[in-house]
Amino acid sequence: MSVAGYDQGYGDSRENDRDERASLYALVMDELAHRRGLSVSGVRQVIRKTKPQDLAARWRGWRRSCDCLLSLGFSAQNVTSILQGSSAFLHELDPEADIRRVVFYLWEDLGFNSWGKIGLGLGSWQRHKYKVVTTAPEVLRRKPEGGVEETVATLEQVGMPTKYILDASFRFPSLLNVPPSLIFCVSAYLSSTDVGFRPRDLGALYRRNPWLLHPRTVEQLRPVVAFLREELQVQRMHVVLRGYPQVVLKSVNADLQPRVVLLQSLGIPSQQIGCMVEAFPLLLSLPLEEQMLPVLFFFQAELGFSRHELWTMLRSFPAVLDLSLEENIRPVVSFLRDDVGLPDVKEFIKRLPPVLGYPVDWELRKKWALFQELGLDASDFAGFPGFVSYSLHDRLIPRLDFCRRQGVLAQDVVALRVVMAGGDAAFAKEFIGVDSEAYEEFLLDYKVRRKQARAAQTRADRESATSSRSWSERKKGEKKWGRMKDEVSSMEEDDGSFLFSEAVCD
């Protein structure tokens, strides 16, 4: 055979292969996209990433599985997503033994079909009913260790009730793909003496953080636990992990060590840093240069804190490092210095560090005005920082109002401390000299009056917003309320006991 003839035959075979592939692509596109309504672009992506020989062997299985999913109520968009995520094994699934079995188990046995039981509205349920299979199609595949039934049974064994599994799988559908051996492995380490979780607490942890059931969780957590226990002498590791589970993702050298070094530079011993981490685990997540350093510099440079004073404040209130310098700390300092007129703002903050997190406009300013109504000044305010720590409507206003009604006045800071300290029964009996039931009745009446005042304010705000609407909006509203009045009038004719209130319309 001549070279020219060989080339001609080779070219013809290549052209035939291209024709066969084109015919196969057109056939798959017609079967899945045109006849079954799947996304054209989605099917095209699946075809492009599949080898021709694999496509020829798989497309009939894809068609069979897609028909089953569509018959179960999955939308064409959902089926397209499932095909894209499971094209490597979807053709192997049996429609009855695999797809229908798993879907009906999720809907009927596990409870995905009972939207009322899991606290979802009807619209949310209709969207979430298909979410797990659409987002994590691996759940349809039976693995060597078992399928979704075995995973659910294992989660229940480690203390995760069905309602927790439902809630977590809505947010993290891959939870139902976790092998039982991995669940036991992670649970065994978390309940070991190194971490200290009680087995009954693991279910709540997995509900909030299902991503912890990952093959690398134990591997990444071991060095973090060793560092916190050995370097900082953290005793309650489970408290840290519950408060900040993302510590699993942190690097000891790149993330944890620099924050510890910064705190040690203030003279804080490692053991005290460990206590701070237990009290405020988010300390390990704060940005170093954007958050921690500016706050520390402000206290030292602008408020004159020494290293020892700063250490003492951080030990009692480590969350101060998480406060915004511009939104929290500076406004409070400015209010105490300029509006209240405190001679020594630093001393006030040292005695009550949480004051830096109180809102100025709707808390501190109101409490300062109430303090002034008692005839007390800034020096008295500086002598009683705890006044601003009491709740405005649960303690301050009710007790002071009750004192006025009983003719007992707190005219100095000493008397004011007595009024605010202790429980309600002790306050009524020891300071006022009346039975605790009298103060309880007053509190109930106060709460009713406050609720009525808030409702009146809400109505006033609505009326103000209504009066500021445009002419066309007001006309639409009048037509709407007119239709409602007509409906109510017809109801009144049927039942004379129903009375329409003009206030409802307004």
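Along each chain, numbering runs from 1 in the same order as the chain's sequence is written. Confidence filtering applies because this is a predicted model: local features only for residues at pLDDT of at least 70, side-chain atom pairs given and counted only at 80 or more, and all residues used for totals across whole chains, interfaces and linings. With hydrogens and water stripped out, all remaining heavy atoms of the structure feed into the side-chain values.

1. A few points about the overall build of the protein chain
Segments assigned H or I by DSSP are reported as helices when at least four residues long, segments assigned E as strands when at least two residues long, and all are numbered from the N terminus. Each helix and strand in the protein chain was counted, giving 27 helices and zero strands. The buried label applies to any residue whose accessible area, calculated with a 1.4 Å probe on protein chains only, is under 20% of its type's maximum; exposed applies above 50%, and partly exposed to all values in between. By the burial criterion, 41% of the 506 residues in the protein chain qualify as buried. In what follows, a contact means two residues having at least one pair of non-hydrogen atoms within 4.5 Å. For the protein chain, restricting intrachain contacts to residue pairs at least 6 apart in sequence, the fraction spanning at least 24 positions comes to 69%.

2. Regarding the pattern of salt bridges
Salt bridge, as used here: a side-chain nitrogen of Lys or Arg that lies within 4 Å of a carboxyl oxygen of Asp or Glu. One pass over the structure, following the stated rule, counts 26 salt bridges. Linking Arg-100 and Glu-96 is a salt bridge whose minimum nitrogen-to-oxygen distance equals 3.2 Å. Residue Arg-100 and its partner Glu-96 are located together in helix H5 (residues 95-109), separated by four residues, close to a single helical turn. Overall, the relative accessible area of 23% leaves Arg-100 in the partly exposed class. Here the salt bridges do not stand alone but share partners, grouping Asp-30, Glu-31, Arg-35, Arg-36, Arg-63 and Asp-67 into one network.

3. Quick look at the packing of helix H16 (residues 288-301) against helix H18 (residues 325-340)
Note on geometry: axes are lines fitted to C-alpha atoms, helical ones only across the stretch in contact, with angles between N-to-C directions running from 0 to 180 degrees. Between H16 and H18, whose axes approach to 12 Å, the crossing angle comes to 10 degrees. Taken together, the axis directions place H16 and H18 in an arrangement best described as roughly parallel. Remark: the crossing between H16 and H18 carries right-handed chirality. Here Pro-294, Val-295, Phe-298 and Phe-299 of H16 lie close against H18, whose contacting residues are Leu-325, Ile-329, Arg-330 and Val-333. Roughly parallel here means an angle under 35 degrees, roughly antiparallel means over 145, roughly perpendicular means 65 to 115, and every remaining angle is called oblique. Here a crossing is called left-handed whenever its near helix is offset anticlockwise from the far helix by less than a right angle, and right-handed whenever the offset is clockwise.

4. Details of helix H22 (residues 392-405)
Any helix carries an expected span of 1.5 Å times its number of residues minus one. Look at H22: 18 Å from first C-alpha to last across 14 residues, which is about the 20 Å you get at 1.5 Å a residue. Working definition for bend: take the seven residues up to and ending at a residue and the seven starting at it, fit an axis to each, and measure the angle between the axes. Of all the bends in H22, the largest measures some 25 degrees and sits at Pro-398. Those residues of H22 that fall on the buried side of the exposure criterion are Leu-392, Leu-396, Pro-398, Arg-399, Leu-400, Asp-401, Phe-402 and Cys-403. At the N-terminal boundary of H22, the capping side chain belongs to Ser-391, with an oxygen 3.3 Å from the backbone nitrogen of Asp-394. Positive backbone phi, at 75 degrees, marks Gly-407, one or two positions downstream of H22. Between N or O atoms, a polar contact is any pair within 3.5 Å; within protein, one atom must be a potential hydrogen donor and the other a potential acceptor, and residues adjacent in sequence are included only when both atoms are from side chains.

5. Things to note about unusual backbone geometry
If a residue is not glycine, its phi is most likely negative; likewise, a peptide bond is most likely trans. Despite not being glycine, Gln-233 shows a phi value in the positive range, around 55 degrees. In this fold, Gln-233 is placed in the loop between helix H12 (217-230) and helix H13 (237-243).

6. Describing empty space enclosed by the protein
Buried and open spaces are told apart on a 1 Å grid over the protein atoms alone, a cavity being a set of points where a 1.4 Å probe fits but cannot get out and a pocket being an open set with protein on both sides within 12 Å along at least five of seven lines. Residues with an atom within 4 Å of a point are the lining residues. Grid points are joined across faces, edges and corners, and a volume is the space filled by probe spheres set on the points. All chains considered together, the criterion is met by one cavity of 30 Å³ or more. In this structure, the largest cavity spans a volume of roughly 30 Å³. The wall of the largest cavity is formed by Leu-232, Arg-259, Val-260, Leu-263, Ile-273, Val-277, Leu-283 and Leu-284. For the lining of the largest cavity, the secondary structure elements donating two or more residues are helix H14 (252-264) and helix H15 (270-279). Take the lining of the largest cavity: its biggest share by element is three residues, from H14. Of the residues assigned to the lining of the largest cavity, the class counts are seven nonpolar, no polar and one charged. Under the scheme applied, nonpolar residues are Ala, Val, Leu, Ile, Met, Phe, Trp, Tyr, Cys and Pro; charged residues are Asp, Glu, Lys and Arg; polar residues are all the others, including Gly.

7. Describing the packing of aromatic side chains
Pairing of aromatic rings covers Phe, Tyr and the six-membered ring of Trp, with a centre-to-centre limit of 6.5 Å; geometry is then stacked below 30 degrees between planes, edge-to-face above 60, and tilted otherwise. Tallied over the entire structure, the rule returns 17 aromatic pairs. For the pair Phe-299 and Phe-305, a centre-to-centre distance of 5.4 Å together with 80 degrees between the ring planes defines the contact as edge-to-face. We note that Phe-299, like Phe-305, is buried. An aromatic cluster of three or more residues is present, and its members are Phe-348, Trp-368, Phe-371, Phe-381, Phe-384 and Phe-387. Between the NZ or CZ atom of Lys-367 and the centre of the ring of Tyr-358, over which it lies, the distance is 5.5 Å. We count a charge as sitting over a ring when the NZ of a lysine or the CZ of an arginine lies within 6 Å of the ring centre and within 35 degrees of the ring normal.

8. Description of a negative patch on the surface
Like-charged residues are merged into a patch within 9 Å and nonpolar side chains (Val, Leu, Ile, Met, Phe, Trp, Tyr) within 5 Å, provided each residue has over 30% relative accessible area and no salt bridge. Residue-level accessible areas treat just the shown protein chains as cover; the underlying method is Shrake-Rupley with a 1.4 Å probe. Here the positive residues are Lys and Arg and the negative ones are Asp and Glu; neither His nor the chain ends is included. Where a charge lies is defined by one atom per residue type, namely NZ (Lys), CZ (Arg), CG (Asp) and CD (Glu). On the surface, Asp-435, Glu-437, Glu-440 and Glu-441 cluster together into a patch of negative charge. The residue Glu-437 is located in helix H25 (residues 436-467) in this model.

9. Things to note about H18
Side chains of residues three or four places apart in an α-helix project in the same direction, reflecting 3.6 residues per turn. Looking only at H18, the buried set comprises Leu-325, Ile-329, Val-332, Val-333, Phe-335, Leu-336 and Val-340. In this structure, the buried side of H18 is in contact with H16, helix H19 (345-351), helix H20 (360-373) and helix H21 (378-383). Just downstream of H18 lies Gly-341, where phi reads positive at about 80 degrees.

10. So, the confidence of the model for the protein chain
Averaged over every residue, the pLDDT of the protein chain is 84; residues scoring 70 or more account for 85%. Confidence drops under pLDDT 50 across residues 1-11; counting only partners more than four residues distant or on other chains, this segment forms one contact. For residues 115-123, every residue scores under 50 in pLDDT, and the model assigns this stretch 10 contacts once sequence neighbours within four places are set aside. Scored from 0 to 100, pLDDT records how confident the predictor is in each individual residue.

11. A closer look at the environment of Phe-227
For Phe-227, the location among the structural elements is in helix H12. Sequence separation between Phe-227 and Val-252 is 25 residues, and the spatial gap between their C-alpha atoms is 7.2 Å. Non-local contacts of Phe-227, meaning those with residues more than four positions away in its chain, are made with Leu-232, Val-252, Leu-256, Gln-257 and Val-260.

12. Here's the deal with the packing of H18 against H20
Packing of H18 against H20 leaves a shortest axis separation of 12 Å and a crossing angle of 30 degrees. Here H20 runs roughly parallel to H18, going by the angle between their axes. In the packing of H18 onto H20, the handedness of the crossing is right-handed. Contacts from Pro-331, Val-332, Phe-335, Asp-339 and Val-340 of H18 reach H20 at Val-360, Leu-364, Arg-365 and Trp-368. Counted by class, the contact of H18 with H20 contains seven nonpolar, no polar and two charged residues.

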